[in-house]
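# Summary of the model geometry
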Amino acid sequence: MKTAFWKADWFFGLIIVVAFFAFSKASGVVPSLERWAYDLGVKSTSKVPSDKIAIIAIDDQSIANIGRWPWPRAVQAKLIDQLVAAKAKVIGNTVFFFEPEKDAGLAYVEKMLEVYNKAYPAAAIDVPGVAPIGAQTPAAQGVQPPADVAEIGKILNEASVSLNNDARLAASMKSAGNVLVPMNFDASYGAPQGKPDKPLPEFVAKNAIGGATGDGNSLHGTSVLYPIELLGTAAAGMGHLTGVLDEDGATRYEPLVVDYYGEYFPSLSLMLAAKSLNLTAKDIKAKLGESVSVGGKTIRTDADTQMYTYFYKDRDGHKAFPEDSFFDVYSNKIPASKYADKIVLIGATASGIGSSTVTPISAGMSPVQTLAHSVSSILQEHFFVTPAWGALATFAAFLLVAAYIVALLPRLSAGKGAMITGALFVALFAAHLGLMVGAAMWVQLMLPMTLLLVGHAALTTKRYLMTERGKEAADLAGAESNRMLGLAFQQQGQLDMAFDKFRKAPLNEEVMENLYNLALDFERRRQFNKAESCFRYMAAFNPKFRDIDERLNRAKKLSETIILGGSAAARTNAGTMILEGGTSEKPMLGRYQVEKELGKGAMGVVYGGKDPKIGRVVAIKTMALSAEFEAEELTEAKERFFREAETAGRLTHPNIVTIYDAGEEHDLCYIAMEFLKGKDLSPYVKQPNLLPPDKVLSIVERVGDALGYAHSMGIVHRDIKPANIMYELESDTVKVTDFGIARITDSSKTKTGMVLGTPSYMSPEQLAGRKIDGRSDLFSLGVTLYQMLAGRLPFEGESMTQLMFAIANNPHPPIREINASLPEWVVPIIERALAKDFEGQRYQNGAEFAAAIREARKAAAATPA
């Protein structure tokens, strides 16, 4: 039977492979996944962009200050003059100059000059862009205009120059000698038919590259737009800005050369890179379908001679290539000297001018930014390649996955199959990312990866459907076993496990009776939220069962009446739970009856309680660990809580609070401890509430003894501070509290991301994250002693960083300068307790600290006043 099943799965797997392969060829799903994986690989890499590239943006601010677009070309000319004076290396202007700029007045001025030149050819004035006057009669050629007419000719000449912005821009570009402008092809990958309508002008044709070899392909231009002759002749060169979009409309690659009827023209980015290396288009060589080289740099391409541009990620919220506003540079707010020896790119980023493109790192990138990424990719040889063996690797991976699905997966159990499928998927995905990040290679592996997931899911689903009926029969057979286990757990008091087992049994009258009794047990334990869940589960099956409707409403009301450890808004009557009929009952935490709330801390609420069996009054400290830890950390936090509570519970010392019990209930962890009548030392750390110095030293001496005992038991407190030392003034009783709590919470993070704790009292080694021992507690005790004697902390700072630096490096202010009434013998005790060198200068144990205080006090008492 097993062999028959395997043969059926083998044939089914083969069908899956064939069907998937056909589907991948007919749809765009797999190619879209490949593009997604490529973009993910680009985002996973991190390279530094060239610092030689600067962008001057025609942005909204510039348009608001200079005027509506398009601007007079004299504006561009002025900026070019500024950049030339600042010795910019190359200027790349992405603005198209396909049409002349004709001022309305200039046409009339040129007509008047034409009449003037015909009348007085001997004094003819050359007009840029206007054909010279033809031959005149000898008599007319010698005629000179009268003085006033000559003055009119001079004014007309000045007007023609002033109004001719094209001539103004051409003069600036020619003077600069390093300005590159764009042209644009109407292009496709299919070779054009026939010949062009007319040959290219010389000023365009001279920009063809030095040579192209190889059997590869390239983009083919069928028509071309180029700058007007006046500007094209003045430019130092031009390159194409012909964009190619991927199937999803994104820009991932750039055609480095375009074939225009046998002549190959470079992209503007390639020309900019060449010009920055003091080269021309003739120095660019192309191996079609392999690479393009310029000045010793080789840019590897795909089969269509396209470069997979490297797009640099933004850093610290700033664009990879910073943009300066055109107006700021134009108005000298930003000095042009900033662009000395830079490749300066001028382009539009303002809304409504040009169109942004989608790239692997951005949903909207301006063309000038895209150009900057391309230029940097060429100059730094940062680009992605599809290796020649990439297609073979993709096919081999597809065959491997197909063989796994057809031959191996049907033989494996569900668990092993899931493990191996997961391992293969991770390996293929890691190979994809590894090649992109480590070698800048793009090998398309989404086809085998998708086949792996689809094949595994299909086979798993088929197995499930075939065996589902058998599993349902097995579940029915095990229903009685689950019910019996539920009863057993209920008798043992493990109500949660009993509820879990009852829910696995099909509901009938017998199981409903069992669940009803279980819900009553939850009520007896005052776990009303769990009783509500149990009644609600039953009501979904039969809402008329017994008095379930009344019971459900009662449990719901009681569960909302009090939430131990919750906010003040969730508690009523100081912890008293109101029951029906006006009676009241005290809520329970484990075996302890909660009497009232004593106070709140950072991690929870402290209640006053009582053990009803023996009448012992206790303090119950609750900790809402589920609110402080993520789900995956909660189990570990609870284990650490009980481990630390058990450790602290072993401490038996007259100056350490006694811990009686620890448990968990109502999603709270709690510790039942000795009830203390006093209060902590927090009120006694500031004027005018400071205790007498002798009283303070007596308290610290006893705390030192307590810490010495705890340290000898291998327990470090970690959070010694006035708030964790209880003191009853009438009986002069001192108790150290919260042993182990700091260790329980030290890995928890609050909602603002700060580590829980009290940095003002931490030792230098604790702040540095080192492994600490009892000597860290003695430093904290020294800070507490200083504060209780001086009324201020020894180390302070306006920020957490300044405070940590002060604790680690700065000396504390001499205490007698703050409180001159203190005896001199207090100073060495303070100095040693706050020593930053914990191995050589600080007290080594609590007993030594306490003994130092004790001996000093005795010596002072024995010394005559």
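Bear in mind the structure is a predicted one, so any value in this text is a computation, not a measurement. (Residues numbered from 1 in each chain as written. Predicted model: local features only at pLDDT ≥ 70, side-chain atom pairs only at ≥ 80, totals over all residues. Heavy atoms only, no water.)

### Considerations on the sheet that holds strand S25 (residues 659–665)
Stated formally: Note on pairing: two strands pair once DSSP finds at least 2 bridges between them. For the purposes of this entry, the term helix denotes a DSSP run of H or I that reaches at least four residues, the term strand denotes a run of E that reaches at least two, and both are numbered from the N terminus.
With respect to topology, 6 strands assemble into an open sheet ordered S21-S22-S23-S24-S26-S25, the strand pairing being antiparallel. The outermost strands of the open sheet, each flanked by one partner alone, are strand S21 (588–589) and S25. Where S21 meets strand S22 (residues 592–600), 2 bridges bridge the pair, whose relative direction is antiparallel. Bridging from a neighbouring strand, Leu589 pairs with Tyr592 of S22.

### Section: the environment of Tyr261
Our working rule: Type-normalised accessible area, obtained with a 1.4 Å probe on protein chains alone, sets the label of each residue: buried when under 20%, exposed when over 50%, and partly exposed for intermediate values. Here a residue-residue contact requires only that any non-hydrogen atoms of the pair lie within 4.5 Å.
With respect to the element layout, Tyr261 can be found in the loop between strand S8 (257–260) and strand S9 (263–266). Note on Tyr261: relative accessible area 25%, which makes it partly exposed. Through-space distance from the C-alpha of Tyr261 to that of Thr222 is 7.8 Å; in sequence the pair is 39 residues apart. If sequence neighbours within four positions are ignored, Tyr261 has contacts with Pro192, Gln193, Gly194, Lys195, Pro196, Gly221 and Thr222.

### Looking at the nonpolar core
For the record, the criterion: Side-chain atoms within 4.5 Å are what join buried Ala, Val, Leu, Ile, Met, Phe, Trp, Tyr and Cys residues into a set we call a nonpolar core.
Ile56, Leu83, Met173, Leu272, Phe326, Leu345 and Ile346 are the most contacted members of the largest nonpolar core, which totals 97 residues. In terms of nonpolar packing, the next biggest core, distinct from the first, is built from 64 residues, Val734, Val736, Leu793 and Val826 among them.

### Observations regarding a nonpolar patch on the surface
As a reminder, the rule being used: Patch members must show over 30% relative accessible area and no salt bridge, and they are joined within 9 Å when carrying like charges or within 5 Å when they are nonpolar side chains of Val, Leu, Ile, Met, Phe, Trp or Tyr. For every accessible area listed, the method is Shrake-Rupley and the probe measures 1.4 Å; residues are considered covered only by the protein chains on display. A pair is scored as a salt bridge if a Lys or Arg side-chain nitrogen falls within 4 Å of a carboxyl oxygen belonging to Asp or Glu.
Nonpolar side chains collect at one region of the surface, where Trp10, Phe11, Leu14, Ile15 and Val18 lie side by side and expose about 460 Å² of accessible area between them. Among the structural elements, Val18 can be located in helix H1 (residues 2–26).

### Quick notes on unusual backbone geometry
Pro70 follows Trp69 through a cis peptide bond whose omega is 5°. The residue Pro70 is located in the loop between helix H3 (60–66) and helix H4 (73–85) in this model. Between Gln687 and the following residue, Pro688, the backbone shows a cis peptide bond with an omega angle of 5°.

### Section: the pattern of salt bridges
Following the criterion strictly, the structure yields 36 salt bridges and no others. Here Asp732 makes a salt bridge to Arg702, at a shortest N to O gap of 3.0 Å. Taken together, the positions of Asp732 in the loop between strand S28 (725–728) and strand S29 (733–736) and Arg702 in helix H23 (residues 693–712) put the pair 30 residues apart, joining distant regions of the chain. You can call Arg702 buried: its relative accessible area is 17%. Beyond isolated ion pairs, a larger network of salt bridges with shared partners links Arg35, Asp39, Asp246, Glu247, Asp248 and Arg252.

### Re the sheet that holds strand S10 (residues 284–287)
Basically, it comes down to this: Note on geometry: axes are C-alpha line fits, over the in-contact stretch for helices, and angles between N-to-C directions span 0 to 180 degrees.
Pairing in this open sheet of 4 strands is mixed, and the strands run S4-S10-S11-S12 from one edge to the other. The outermost strands of the open sheet, each flanked by one partner alone, are strand S4 (211–213) and strand S12 (297–300). Direction aside, the axes of adjacent strands within the sheet are offset by 15° on average. With 4 bridges connecting them, strand S11 (residues 291–294) and S12 associate as antiparallel partners. From the neighbouring strand, Val292 faces S12, where its bridge partner is Ile299.

### Description of the pairing of strand S5 (residues 219–225)
Examined bridge by bridge, strand S3 (residues 179–188) and S5 share 5 bridges and lie antiparallel to one another. Each bridged residue has a counterpart across the sheet, and for Asn184 the counterpart in S5 is Leu225. Where S5 meets S8, 2 bridges bridge the pair, whose relative direction is parallel. Bridging across to S8, His220 finds its partner in Asp259.

### Details of the environment of Phe203
Counting through the fold element by element, Phe203 comes out in helix H9 (residues 202–205). With residues near it in sequence (within four places) discarded, Phe203 still touches Tyr226, Pro227, Ile228, Glu229, Gly232, Thr233 and Met238.

### Notes on helix H14 (residues 390–408)
Stated formally: Here the expected length of a helix is defined as 1.5 Å per residue gap, with one fewer gap than residues.
A rise of 1.5 Å per residue sets the reference length of H14, with its 19 residues, at 27 Å; its end C-alpha atoms lie 26 Å apart and thus fit the reference within 8%. For H14, every residue scored as buried is listed here: Gly390, Thr394, Ala397, Phe398, Val401, Ala402, Tyr404, Ile405 and Val406.

### Observations regarding the pairing of strand S6 (residues 237–240)
Residues Gly237 and Gly239 line one face of S6 and the alternating positions Met238 and His240 line the opposite face, and both faces are buried. Across 4 bridges, S3 lies against S6 in parallel orientation. The residue of S6 that forms the bridge with Leu180 is Gly237.

### Digging into the environment of Ile53
Assignment of secondary structure puts Ile53 in strand S1 (residues 53–58). Residue Ile53 is classed as buried on the basis of its relative accessible area, which comes to 6%. Residues Ile53 and Ala372 lie 319 residues apart in sequence; the distance between their C-alpha atoms is 6.9 Å. Not counting the four nearest positions on each side in its chain, Ile53 is found in contact with Phe321, Ile343, Leu345, Ala372, Val375 and Ser376.

### A word on helix H8 (residues 165–176)
The test is simple: The arc in question is traced by the directions running from the helix axis to the C-beta atoms. Nitrogen and oxygen atoms within 3.5 Å of one another constitute a polar contact, given that in protein one can donate a hydrogen and the other can accept it, and given that sequence-neighbouring residues count only through two side-chain atoms.
The first and last C-alpha atoms of H8 sit 16 Å apart over 12 residues, in line with the 16 Å expected at 1.5 Å per residue. Listed as buried for H8 are Asn165, Asp166, Leu169, Ala170, Ser172, Met173 and Ala176. Each buried residue of H8 lies within a common arc of 160° when the element is viewed along its axis, so the set occupies one face. Along H8, the residues that are exposed and aim more than 90 degrees away from the buried face are Lys174 and Ser175. Between the side-chain oxygen of the N-cap and the backbone nitrogen of Asp166 there are 3.4 Å, and the N-cap of H8 in question is Asn164. Backbone geometry just after H8 places Gly177 at a positive phi near 75°.

### Details of the packing of H14 against helix H15 (residues 414–439)
A packed helix pair is summarised by two numbers, namely the angle formed by the two axes and the spacing between the axes. Where we set the bar: Any angle from 65 to 115 degrees is called roughly perpendicular, while one under 35 is roughly parallel, one over 145 is roughly antiparallel, and all others are oblique. For this classification, Asp, Glu, Lys and Arg are treated as charged, while Ala, Val, Leu, Ile, Met, Phe, Trp, Tyr, Cys and Pro are nonpolar and the rest, including Gly, are polar.
As a packed pair, H14 and H15 sit with axes 12 Å apart at the nearest point and diverge in direction by 175°. Of the possible angle classes, the one that applies to H14 and H15 is roughly antiparallel. Taken together, the residues of H15 that come into contact with H14 (itself represented by Ala397, Val401 and Tyr404) are Gly417, Ile420, Thr421, Leu424 and Leu428. Per-class residue counts for the contact of H14 with H15 are 6 nonpolar, 2 polar and no charged.

### Brief notes about the packing of aromatic side chains
For the record, the criterion: Only the six-membered ring of Trp is used, alongside the rings of Phe and Tyr, when aromatic pairs are assigned; centres must lie within 6.5 Å, and planes under 30 degrees apart are stacked while those over 60 apart are edge-to-face, with the rest tilted. Should the NZ of a Lys or the CZ of an Arg lie within 6 Å of a ring centre and within 35 degrees of the ring normal, that charge is described as sitting over the ring.
Counting across every chain of the model gives 26 aromatic pairs. With centroids separated by 5.8 Å and ring planes inclined at 80°, the aromatic side chains of Phe203 and Tyr226 adopt a geometry described as edge-to-face. You can see Phe203 sitting in helix H9 and its partner Tyr226 sitting in the loop between S5 and helix H10 (229–234), a full 23 residues away along the chain. When sorted by exposure, Phe203 lands in the same class as Tyr226, which is buried. Both rings, one in Tyr592 and one in Tyr670, keep their centres 6.4 Å apart while their planes meet at 80°; by these two values the pair is edge-to-face. With a gap of 78 residues between them, Tyr592 in strand S22 and Tyr670 in strand S26 (residues 668–674) connect regions that are remote in the sequence. Taking the relative accessible area as the measure of exposure, Tyr670 reaches 5% and is therefore buried. One aromatic cluster in this structure is built from Tyr38, Tyr253, Tyr308, Tyr310, Tyr312, Phe321, Phe384 and Trp442. A cation sits over an aromatic face here: Lys47 above Tyr310, 5.4 Å from the ring centre. Above the plane of the ring of Tyr330 lies Lys78, whose end atom (NZ or CZ) is 4.2 Å from the centre.

### Observations regarding the confidence of the model for the protein
In regions of low pLDDT, the predicted coordinates are not meant to be interpreted in detail. Let me state the cut-off plainly: A residue's pLDDT is simply how confident the predictor is in it, with values from 0 to 100.
Put simply, the protein has an average pLDDT of 85, and 87% of its residues get 70 or more. Every residue in residues 1–6 is under pLDDT 50, and counting partners more than four places away or in other chains gives 4 contacts.

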